[in-house]
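# Fold and geometry: a report
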Amino acid sequence: MRVGESRHSRAHTDWVLILLVFGLAAFGILAVSVATFSTSSEAEDTLLNYIVSSYYGQRQGIFFFISMVAVGVMMAVPYELIRRYSMLIYIGACGLLGVALAGEAAGVKAWIDIIWGYTLQPSEFVKLACIVVTAKYLENTNNPMGTPKEFIRIAALVGFPWLLTLAQGEMGSVIVMVFVFAVMMFFGGIRYQIIFGVVVVAATGIGLLIGYTISSGSDSYRLMRILSFFNPAVDENASYQVTQSKIAIGSGGWDGIGTFVQGSFSQLDYVPEDWTDFIFSTIGEAFGFVGCALVVLAYLAIILRMLYLAMYTHNRFGQQCIIGVMAMMLFHVLENVGMTTGLMPVTGIPLPFLSYGGSNLLTNMLGIGLVLNVVRNRSITHISGYNPQISARGRYFRKGE
């Protein structure tokens, strides 16, 4: 152990985080299989056969094993390369967004087709790219956005992929990126006056966007979903998904009705998209309040674990990477659980590690791999990137020195 390091800040492979994350992801394969259970299945009454007979369950299993490899690769990549080529990572992610947007303009869906029916959603990967490039920016400044030049620089840097993502209709992903950026700026030491100014500008922009949507009549379905959150009677079709989700969760009672049950909401497809964005309703029905509580506690443990790891990471770039990934997970969980229970508007944000989808799972796993990489190389980052000139909020995260 080096001088100035405590046992909390030592370099190590964080098995606690690994077990929590892969435990949730493995449970996600089961949840997706339950959500896509069909009476036409000829599988015998064994868990493995039910999973194998589910088309989406099989694919989620494939995504799971690919994500394991992705975590290993991310951990093996030299930490300094990620830091040094953060801008290249950002440019690559924006390039994928541009390819998807060009395809959409040519009449093709915004997802990029890869092979054998598998697709890539660039808006997921750009979240991680924005975290890395923002962390690099915060590494080199103690007064984020403190001058007009700095404000314009970082605003242009993160605003470009936000606009590209918004152009694809992925408003939910943009909201996630804005939240992550705000959290990173807060812990990066941004002044409260600037925070207030940014909030005013953001609120004005959102108001103008909503006003334009109402006046032009465009994107009316998304608008009605937001309005139906405040008043479900406005449009029963827009509020149908949330209503069915709440009924499914409530029908699970204390300990759930069990998995692969004939006549369940999941089996009868009463909850649209219950294997993707509304997977939490499937968990609520099958495993009840106990199952939902355990899932939420697992997420809480993951978020608190990353907060703990950030607190004892002495390198500013690495610390901000951990905070960014933590913020991304936090918002996804709060919004997804909130929208499936009627507490938040429906935005199409998936539940990390549990919702069906390769791009989302791979992005989250790469984020975890990045956190593990930082923690595994703490002794290196302590020497190469340590900056003692930090803000009061940053200093809270250095108490382990």
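What counts, and at which threshold
- Residues numbered from 1 in each chain as written.
- Predicted model: local features only at pLDDT ≥ 70, side-chain atom pairs only at ≥ 80, totals over all residues.
- Heavy atoms only, no water.
- Helix = DSSP H or I, 4+ residues; strand = E, 2+ residues; numbered from the N terminus.
- Buried < 20%, exposed > 50% of the residue type's maximum accessible area, 1.4 Å probe, protein only.
- Contact = heavy atoms within 4.5 Å.
- Areas by Shrake-Rupley, 256 points an atom, 1.4 Å probe, with all protein chains shown as cover.
- Patch = residues over 30% accessible without salt bridge, like charges linked within 9 Å, V, L, I, M, F, W, Y side chains within 5 Å.
- Salt bridge = Lys/Arg side-chain N within 4 Å of Asp/Glu carboxyl O.
- Expected span 1.5 Å × (residues − 1).
- Disulfide = S-S within 2.5 Å.
- Axes fitted to C-alpha atoms, helices over the stretch in contact; angles between N-to-C directions.
- Parallel < 35°, antiparallel > 145°, perpendicular 65-115°, else oblique.
- Left-handed = near helix turned anticlockwise from the far one by under 90°.
- Phe/Tyr/Trp six-rings, centres within 6.5 Å; stacked < 30°, edge-to-face > 60°.
- Nonpolar A, V, L, I, M, F, W, Y, C, P; charged D, E, K, R; others polar.
- Core = buried A, V, L, I, M, F, W, Y, C linked by side-chain atoms within 4.5 Å.
- 1 Å grid on protein atoms, 1.4 Å probe; cavity = no way out; pocket = protein on both sides within 12 Å on 5 of 7 lines; lining within 4 Å.
- Points joined across faces, edges and corners; volume = space filled by probe spheres on them.
- Polar contact = N/O pair within 3.5 Å; in protein donor to acceptor, adjacent residues only side chain to side chain.

Turning next to the overall build of the protein chain. Helix and strand counts for the protein chain come out as 17 helices and two strands. Residue burial in the protein chain is summarised as follows: out of 401 residues, 51% are buried. Across the protein chain, the fraction of contacts at a sequence separation of at least 24, relative to all contacts at a separation of at least 6, is 76%. If you sum the accessible surface of the protein chain, you get close to 18,300 Å²; carbon and sulfur atoms cover 68% of it.

For the rest of this paragraph, the subject is a nonpolar patch on the surface. A contiguous nonpolar surface patch, about 740 Å² in accessible area, is contributed by Trp254, Phe289, Val290, Leu294, Leu297, Leu300 and Leu304. Of note, Trp254 is situated in the loop between α11 (236-251) and α12 (265-268). Since its relative accessible area comes to 60%, Trp254 is described here as exposed.

Quick look at helix α8 (residues 171-188) now. Look at α8: 25 Å from first C-alpha to last across 18 residues, which is about the 26 Å you get at 1.5 Å a residue. Buried within α8 are the following residues: Gly172, Ser173, Val174, Val176, Met177, Val180, Phe181, Val183, Met184, Met185, Phe187 and Gly188.

Scanning the entire structure with this criterion turns up zero disulfides. Here Cys94 is not disulfide-linked; the sulfur of Cys130 is the nearest cysteine sulfur, at 6.4 Å.

What follows deals with the packing of helix α1 (residues 15-35) against helix α3 (residues 55-76). For the pair α1 and α3, the least separation of the axes is 8 Å and the interaxial angle reads 165°. By the criterion of interaxial angle, the relationship of α1 to α3 is roughly antiparallel. The chirality of how α1 crosses α3 is right-handed. Residue-level contacts link Phe22, Ala25, Ala26, Gly28, Ile29, Val32 and Ser33 of α1 to Tyr56, Gly57, Gln60, Gly61, Phe64, Met68 and Val71 of α3.

Position of Arg191 relative to the elements: it lies in the loop between α8 and α9 (192-216). Classification of Arg191 as partly exposed rests on a relative accessible area of 40%.

This brings us to the packing of aromatic side chains. The tally for this structure, following the rule as stated, stands at 15 aromatic pairs. Look at Tyr79 and Phe317: their rings are 5.9 Å apart centre to centre, the planes differ by 70°, and that puts the pair in the edge-to-face class. Of this pair, Tyr79 sits in helix α4 (residues 79-84) while Phe317 sits in helix α14 (residues 316-340); the two residues are 238 residues apart in sequence, bridging distant segments of the chain. With respect to burial, Tyr79 and Phe317 carry one shared label: buried. Ring-pair connections join several aromatic residues into one group, and the members of that group are Tyr55, Tyr56, Phe63, Trp275 and Tyr356.

Here the focus is the packing of α1 against helix α15 (residues 358-376). Two numbers describe how α1 lies on α15: the axes approach to 11 Å, and their chain directions differ by 170°. Compared by their axis directions, α1 and α15 come out roughly antiparallel. Two secondary-structure elements touch here, α1 through Leu17, Ile18, Val21, Phe22 and Ala25 and α15 through Leu361, Met365, Ile368, Val371 and Leu372. Tallied by class, residues from the contact of α1 with α15 come to 10 nonpolar, no polar and no charged.

The next subject is the nonpolar core. For soluble globular proteins, nonpolar side chains are generally found buried alongside one another. If you look at the biggest cluster of nonpolar residues, it comprises 94 residues, and the most contacted ones within it are Leu17, Met306 and Phe353. Once residues within four sequence positions are removed from consideration, Met306 is found in contact with Leu17, Ile322, Val325, Met326, Met329, Ile368 and Val371. In terms of nonpolar packing, the next biggest core, distinct from the first, is built from seven residues, Val242, Val271, Phe278 and Met339 among them.

Under the definition given, this model contains six salt bridges. Here Arg83 and Glu139 are joined by a salt bridge, their closest N and O atoms 2.6 Å apart. Here Glu139 lies in helix α6 (residues 122-139) and Arg83 lies in helix α4, a separation of 56 residues in the sequence. Exposure remark for Glu139: the relative accessible area of 6% places this residue in the buried category. A salt bridge links Glu139 to Lys136; the nearest nitrogen and oxygen atoms lie 3.6 Å apart. Pair noted here: Glu139 and Lys136 are both in helix α6, with a separation of three residues, about one helical turn. Its relative accessible area of 22% is what places Lys136 among the partly exposed residues.

This part is about the layout of surface pockets. Roughly 230 Å³ of volume is contained in the second largest pocket. Contributing to the lining of the second largest pocket are Met74, Val77, Ile82, Ile89, Ala93, Phe125, Leu128, Ala129, Val132, Leu366 and Leu370. Going through the elements one at a time, α5 (86-105), α6 and α15 are the ones with two or more residues in the lining of the second largest pocket. For the lining of the second largest pocket, the element with the highest residue contribution is α6, accounting for four residues. Classifying every residue of the lining of the second largest pocket gives 11 nonpolar, no polar and no charged.

Bringing unusual backbone geometry into the picture now. Phi at Glu273 takes a positive value of approximately 60°, unusual for a residue other than glycine. You can see Glu273 is positioned in the loop between α12 and α13 (279-311). Judged by its relative accessible area of 38%, Glu273 falls in the partly exposed class. Of note, Phe353 is a non-glycine position whose phi angle comes to about 75°, a positive value. Turning to its location among the elements, Phe353 is positioned in the loop between α14 and α15.

Moving on: the side chain of Ser359. Its location among the elements puts Ser359 in helix α15. Note on Ser359: relative accessible area 5%, which makes it buried. Within the structure, Ser359 has its side chain in polar contact with the backbone nitrogen of Gln121 (distance 2.8 Å).

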